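What follows is each chain in one-letter form.
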Amino acid sequence: MEEKVINAALLGLGTVGTGVYKVLKGQEEEMTTKIGCKVKIRKILVRNLEKAAAKVDDPAMLTNSWEEIKQDPSIDIVIELIGGIEPARTYILDALHAGKHVVTANKDLIAVHGKELLDAAKASHVDLLFEAAVAGGIPIIRPLKQCLAGNHMSEVMGIVNGTTNFILTKMSQDNMEFKDALALATKLGYAEADPTADIDGLDAGRKVAILASVAFNSRVVFDDVYIEGITKISAKDIRYAKEMGCAIKLLGVARNTDTGVEAYVCPMLIPNDHPLATVNDSYNAVFVHGDAVEDAMFFGRGAGELPTASAVVGDIFDIVRNIVANCCGRIGCTCYKQLPVKRMEDTYNRYFLRLHVEDRCGVLAEMTEVFAKYHVSIAQIIQRDSQSQDDHLAEVVVITAKVREGDFKTAVQELSNKSSVKRISKTIRVYGK
Ligand code: HSE
């Protein structure tokens, strides 16, 4: 009997594209037994045909014409791995309109245009899958949409950027300053030549938008997510955090509260007894809480050639199984609610505050008076003499109880206007339920 084959086209042959090509090759022999038919890459869209030729068995499969792929009726699945908004958005919409299924790893696109793309997939009764867009090789989109569908999820949070986790780990374990740890990350290939999207939290912000949308069945877009990066974190902050029983991690947090969705990315202190505090180096982890499952955690490689390809190939196989079983488009957009997204000022957190004050009687009383006015309660406090002999300053580090962010900021503003307060050196949120 002739073996059934489903044809696919790959858009992009960079790190992830090359990984997908390799993983599919490694699955070739058992594919038919595993998923009911063979999937073959027939065409690969690349910019530079010559450069790409060395990476594939048959250079005839390479093309630099999207039209050639779009108009080829034998291609059932398009795998978009070029990234960015355009031309990826146009190619995906073209493919969906032409009745082709799409797999993408493109978080920039899904975090902004997810609804438009999923609506187009629904209209054409095809699948659009994007497991690799969040946390690379870690399965999280499919678990949320399928295995955990019987829950009302109240929280999905985690470490979803490997570059910044590597940098913060080095700062913590080797007492390095941010710029030295970034230089090391660049040297070792963890950070890109332009690390902005990682260190400023934008990459994690896109992932939080996607996670919140999927977990809470309500669309959250990139612009809804409050974002702060890690560039202002110092080795000293990390040392104080350790003294207070915490690690500092760049966390992406999405919460479904009675008053709306909270969605933010920022460096946070996290108590050492939380499982995320020990997720180090370039590893990612996502922690979810649902009313039925309670806590569940997903850990692994959030980036890289083969881990990301693992998620992409999982999506391809899922589509192939759907084609074989004639049940495509079964799980599309799951955003059937319209929940409001809260302003950051209206969220409640604990805060770490490091400041320099005059070292004299009554200064702490002045501080606590301001705190009391804005409902800020102190949970922990450390005071150190300033390093300098002659400035008569003390460094005070406080961790507050939970307080509305807007109130905390007003209190800090009022403190900074006091003559006894010489410098507000840092405010960092503290993770806690
Ligand atoms: N640059 C990301 C990271 C991987 O460092 O985790 C791709 O999203």
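Please read these numbers as outputs of a predicted model, since none were measured by experiment.

A. Layout of helix 8 (residues 162–173). In this model, helix 8 (12 residues) spans 16 Å end to end at C-alpha, consistent with the 16 Å of a helix rising 1.5 Å per residue. Across the 12 residues that make up helix 8, a large majority, 10, are buried. Residues of helix 8 that are buried in the fold lie against strand 7 (153–159), helix 9 (178–187), helix 10 (196–199), helix 12 (235–243), strand 9 (246–257) and strand 11 (283–290). The N-cap of helix 8, judged by a side-chain oxygen 3.3 Å from the amide nitrogen of Thr163 a few residues on, is Asn161.

B. Summary view of the UniProt feature "binding site: L-homoserine" (unreviewed entry) in the protein chain. In the UniProt entry, the feature "binding site: L-homoserine" (unreviewed entry) is given for Glu192. With respect to the secondary-structure elements, Glu192 resides in the loop between helix 9 and helix 10.

C. The arrangement of the layout of surface pockets in detail. Here the second largest pocket defines a volume of roughly 350 Å³. Glu228, Lys232, Lys426, Thr427 and Arg429 are the residues nearest the centre of the second largest pocket, which is lined by 18 residues in total. Listed by contribution, the elements that provide at least two residues to the lining of the second largest pocket are helix 15 (405–416) and strand 17 (421–430). Along the lines of polarity and charge, the residues of the lining of the second largest pocket split into 8 nonpolar, 4 polar and 6 charged. Split by domain, the residues of the lining of the second largest pocket number at least three in each of domain 2 (151–299) and domain 3 (346–430).

D. Quick peek at empty space enclosed by the protein. All told, the structure shown has 2 cavities of 30 Å³ or more when counted by the stated rule. Reported here for the largest cavity is a volume of approximately 60 Å³. What lines the largest cavity is Ile110, Leu118, Phe130, Lys145, Ile210, Ser213, Val214, Arg219, Cys333, Thr334 and Cys335. Of all the secondary structure elements, the ones that give two or more residues to the lining of the largest cavity are helix 6 (107–123) and helix 11 (202–216). Looking at the lining of the largest cavity element by element, the count peaks at 3 residues for helix 11. Here the lining of the largest cavity spans two domains, and each of domain 1 (5–136 + 305–325) and domain 2 (151–299) adds at least three residues to it.

E. Molecular detail of the pattern of salt bridges. For the structure on display, the rule yields 34 salt bridges. Between Glu358 and Lys422 there is a salt bridge whose closest N-O contact spans 3.3 Å. Residue Glu358 is found in strand 13 (residues 348–358), and its partner Lys422 is found in strand 17; the two are separated by 64 residues along the sequence. Residue class for Glu358 comes out partly exposed when judged on its relative accessible area of 23%.

Parameters and conventions
- Residues numbered from 1 in each chain as written.
- Predicted model: local features only at pLDDT ≥ 70, side-chain atom pairs only at ≥ 80, totals over all residues.
- Heavy atoms only, no water.
- Helix = DSSP H or I, 4+ residues; strand = E, 2+ residues; numbered from the N terminus.
- Expected span 1.5 Å × (residues − 1).
- Buried < 20%, exposed > 50% of the residue type's maximum accessible area, 1.4 Å probe, protein only.
- Contact = heavy atoms within 4.5 Å.
- Polar contact = N/O pair within 3.5 Å; in protein donor to acceptor, adjacent residues only side chain to side chain.
- UniProt positions renumbered as here; feature names shortened; annotations may be inferred.
- 1 Å grid on protein atoms, 1.4 Å probe; cavity = no way out; pocket = protein on both sides within 12 Å on 5 of 7 lines; lining within 4 Å.
- Points joined across faces, edges and corners; volume = space filled by probe spheres on them.
- Nonpolar A, V, L, I, M, F, W, Y, C, P; charged D, E, K, R; others polar.
- Domains from an automatic or database assignment.
- Salt bridge = Lys/Arg side-chain N within 4 Å of Asp/Glu carboxyl O.

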